[in-house]
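Structural overview for review
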Amino acid sequence: MLDSLSDKSKHIAIGAALGVFFTLSTTAIVLAAKGSNSKTSRHLDTHASANARRRSSISDSLSRMISLPKTEQENLIRDGVAGLIGNTPMVRIKSLSDATGCDILAKAEFLNPGGSTKDRVALSMINTAERDHILTPGNGSTIFEGTVGSTGISLAMMAKARGYSAWIVMPDDVALEKSQLLEKLGAHVEKVRPVSIVDKNQFVNLAKRRAQEFGKDDQEGGSSSEDPKKTGFFADQFENLANFEAHFTTTGPEIYKQTQGNVDAIVMGAGTGGTLAGVTKYLKARIPNLKAYLVDPQGSGLFNKVKYNIMYSPTEKEGKRKRHQVDTVVEGVGINRLTRNFAMSEGSIDDAFRVTDQEAVDMARYLVHKDGLFIGSSSAVNCVGAVRIARELGPGHTIVTLLCDSGHRHLTKFWNDEYLAKQGLDVKDVVDNLDFIV
Ligand SMILES: Cc1ncc(COP(=O)(O)O)c(C=O)c1O
Ligand SMILES: *[C@@H]1O[C@H](CO)[C@@H](O)[C@H](O)[C@H]1NC(C)=O
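Here's what I pulled together on the structure shown here.

Analysis parameters
- Residues numbered from 1 in each chain as written.
- Chains lettered and ligands numbered in written order.
- Predicted model: local features only at pLDDT ≥ 70, side-chain atom pairs only at ≥ 80, totals over all residues.
- Heavy atoms only, no water.
- Helix = DSSP H or I, 4+ residues; strand = E, 2+ residues; numbered from the N terminus.
- Buried < 20%, exposed > 50% of the residue type's maximum accessible area, 1.4 Å probe, protein only.
- Contact = heavy atoms within 4.5 Å.
- Areas by Shrake-Rupley, 256 points an atom, 1.4 Å probe, with all protein chains shown as cover.
- Axes fitted to C-alpha atoms, helices over the stretch in contact; angles between N-to-C directions.
- Parallel < 35°, antiparallel > 145°, perpendicular 65-115°, else oblique.
- Nonpolar A, V, L, I, M, F, W, Y, C, P; charged D, E, K, R; others polar.
- Near = heavy atom within 4 Å.
- Polar contact = N/O pair within 3.5 Å; in protein donor to acceptor, adjacent residues only side chain to side chain.
- Core = buried A, V, L, I, M, F, W, Y, C linked by side-chain atoms within 4.5 Å.
- Pairing = 2+ DSSP bridges.
- Expected span 1.5 Å × (residues − 1).
- Phe/Tyr/Trp six-rings, centres within 6.5 Å; stacked < 30°, edge-to-face > 60°.

Quick notes on the overall build of the protein
Along its length, the protein carries 16 helices and 10 strands. The burial tally for the protein puts 49% of its 438 residues in the buried class. In the protein, the proportion of contacts linking residues at least 24 apart, taken out of those at least 6 apart, comes to 73%. Accessible area for the protein stands at about 20900 Å²; split by element, carbon and sulfur atoms hold 54% of it.

Below, the structure is given as structure tokens:
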């Protein structure tokens with residue numbers, strides 16, 4: 001029933017689009033015929049009246065669309081910024097598919113309005129808090145989060161759309177464009193030194209404390225007891241299962257629909273683990289032979305967690321630990337603790353692969369050179385993983401991954417040659433083959 005409805009509305013959408021196109025091209029033909037043997041002034045007159053005709057035919061087409069029944073209309077016009085979240089296209093990556101003999105498909109999550117897959121998570125966490133009466137739209141409450149950027153940007157965007165404030169705590173070494181974007185979106189940004197999760201000033205711990213402290217001053221400051229306290233809501237993407245739910249109820253079903261269930265393997269990295277767990281749980285319940293793989297950047301403990309069931313990373317060894325817990329130029333994936341969202345994937349991840357920073361950097365350059373795809377660091381890790389799995393499974397398989405965000409988010413770090421060279425990485429002008437994946 002749902003399927004036939006959406007098919008029907010697709011036809012209507014195509015019909016309406018063709019209608020506009022047809023009217024425009026007819027006008028263009030008339031214009032061309034009239035314009036060919038007339039003086040410039042007459043030509044301009046014709047041009048103006050043609051434009052007027054064009055405007056009225058466009059508005060005719062629009063009003064036809066708007067008068068469609070509700071369910072059909074929804075597929076044409078999205079409701080506000082939240083309406084732009086999700087339903088992202090799936091792209092077949094030609095270079096990787098040609099090179100491996102597999103279909104390498106990627107969900108184009110960078111096309112979400114906030115620029116990443118985290119829009120789904122922000123929307124889900126806010127919807128859940130509103131449902132549970134923790135937040136009410138437009139009442140001046142503040143959403144707090146500790147994040148390396150993407151989730152903060154999505155939360156700041158959705159906070160504005162729903163009438164909240166946003167307060168984002170982030171490590172001070174995150175790509176500069178992320179904090180700039182947050183400020184432009186009206187969020188309060190608090191940058192802290194990157195420290196271990198056991199430290200009370202670690203960015204996630206600090207965000208939680210800030211949320212708890214929020215509004216307390218108001219009360220003590222003698223506001224009358226009838227005045228409702230402003231809520232400080234700690235979104236908590238790592239532990240909040242509304243994150244898992246977002247992917248279980250949207251990303252997973254979309255992948256299933258777009259591939260008609262023809263998927264042999266899914267592969268991706270994990271930060272909170274919400275995407276991997278949500279997508280895997282949904283798809284494995286419907287595709288019996290599906291394999292699910294984790295790809296993990298250097299320094300992350302998840303690889304060992306999946307392979308040997310112990311959370312351990314070589315960089316954690318005493319004396320070897322560098323400044324960061326997860327020492328990588330990749331942002332958003334890799335972690336050294338077990339989160340509730342990652343734990344939701346328990347028992348459903350088949351294997352794990354490590355991806356080096358050098359492989360991620362080379363992959364990002366390869367995809368620009370071959371496909372014109374400009375992607376961020378976690379997406380590059382995912383694509384390295386997709387090629388590994390394709391080689392392991394052999395030609396003829398369909399492998400799905402995610403393009404989490406665009407390269408625009410990473411211009412000062414992952415796409416900054418000088419920065420990469422300082423990290424000891426080899427930055428090539430052009431990468432035109434996949435030999436860098438060993
Ligand atoms: C850019 C980017 N890619 C990938 C991820 C990982 O997704 P998840 O948190 O669902 O594991 C994140 C999340 O932190 C991210 O910010
Ligand atoms: C905002 O809404 C929340 C949830 O309903 C409520 O707890 C809080 O008191 C409200 N705050 C204000 C300032 O109205």
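So much for the structure itself; the text now carries on.
Points about the packing of helix H6 (residues 150-162) against helix H7 (residues 176-184)
Angle between the axes and distance between the axes: these two values describe a pair of packed helices. Across the interface, H6 lies against H7 with an axial gap of 9 Å and an inter-helix angle of 10 degrees. Between H6 and H7, the crossing angle belongs to the class labelled roughly parallel. Where H6 abuts H7, its residues Ser150, Gly152, Ile153 and Ala156 lie against Lys178, Leu181 and Leu182. A breakdown of the residues in the contact of H6 with H7 according to their chemical character gives 4 nonpolar, 2 polar and 1 charged.

Some points on the site of ligand 2
If you check the shell around ligand 2, you find His133, Ile134, Thr136, Asn139, Ser141, Pro228, Lys229, Lys230 and Thr231 and nothing else. Between ligand 2 and Thr136 there is a distance of 2.7 Å, counted from an oxygen atom to a side-chain nitrogen or oxygen. A distance of 2.2 Å is found between an oxygen atom of ligand 2 and a side-chain nitrogen or oxygen belonging to Asn139. If ligand 2 stood free it would expose 360 Å²; the protein chains cover 70% of that surface. A per-class count over the shell around ligand 2 returns 2 nonpolar, 5 polar and 2 charged.

As for the nonpolar core
With 40 residues, the main nonpolar core has Leu96, Met363 and Leu367 as its most contacted residues. When residues of this core are traced back to their parent elements, those giving at least two are strand S2 (103-108), strand S7 (265-268), strand S8 (291-297), strand S9 (351-355), helix H14 (357-371), helix H15 (377-393) and strand S10 (398-403). No other element matches the 8 residues that H15 contributes to this core. With near-sequence residues (within four places) excluded, Leu96 lies in contact with Ile104, Met363, Tyr366, Leu367, Cys383, Val387 and Leu434.

What to know about the sheet that holds strand S1 (residues 90-92)
Across a sheet, paired strands are connected by hydrogen bonds in the backbone, their directions being either parallel or antiparallel. Read across the sheet, 6 strands follow the order S1-S2-S10-S7-S8-S9 without closing on themselves; strand pairing throughout is mixed. Among the strands making up the open sheet, the edge pair consists of S1 and S9. Mean inter-strand twist for the sheet, computed between neighbouring axes without regard to direction, equals 25 degrees. Bridging between S7 and S10 involves 2 bridges; their strand directions are parallel. Its bridge partner lying in S10, Ala265 is registered against Ile399. Sitting on the sheet, helix H10 (residues 242-259) touches S1, S2 and S10, and the angle it makes with S2 is about 135 degrees.

Quick word on the site of ligand 1
In the vicinity of ligand 1 lie 13 residues, with Lys118, Gly271, Thr272, Thr275 and Ser378 positioned nearest. Gly274 is positioned such that a nitrogen or oxygen atom in its backbone is 3.5 Å from an oxygen atom of ligand 1. One of the side-chain N or O atoms of Thr275 is found 2.4 Å from an oxygen atom in ligand 1. Within the complex, the protein chains bury 96% of what would otherwise be the 390 Å² of accessible surface of ligand 1. Each residue belonging to the shell around ligand 1 can be placed in one class, and the counts come to 3 nonpolar, 8 polar and 2 charged.

Brief notes about H15
Between its first and last C-alpha, H15 extends 25 Å over 17 residues, near the 24 Å set by a 1.5 Å rise per residue. With respect to burial, H15 is a largely interior element, 14 of its 17 residues being buried. In the segment just after H15, Gly394 is the residue with positive phi, at about 90 degrees.

Let's talk about the side chain of His410
Mapped onto the fold, His410 is located in the loop between S10 and helix H16 (417-422). In this structure His410 comes out as buried when scored by relative accessible area, which is 1%. A distance of 3.0 Å separates the side chain of His410 from the side chain of Asp405, its partner in a polar contact.

Description of the packing of aromatic side chains
By the definition in use, this model includes 9 aromatic pairs. Plain terms: the ring middles of Phe248 and Tyr282 are 5.7 Å apart, the flat faces sit at 80 degrees to each other, and that makes the pair edge-to-face. One end of the pair, Phe248, is in helix H10; the other, Tyr282, is in helix H11 (residues 274-284), and 34 residues separate them in sequence. Its relative accessible area of 30% is what places Phe248 among the partly exposed residues. On the accessibility criterion, Tyr282 (13% relative accessible area) is buried. Relative to Trp415, the ring of Phe374 lies with its centre 4.8 Å away and its plane at 55 degrees, an arrangement referred to as tilted. Placement of the pair is Phe374 in the loop between H14 and H15 and Trp415 in the loop between S10 and H16, with a sequence separation of 41 residues. Here Trp415 falls in the buried class, since its relative accessible area comes to 17%. What links up through ring pairs into an aromatic cluster is the set Phe244, Phe248, Tyr256 and Tyr282.

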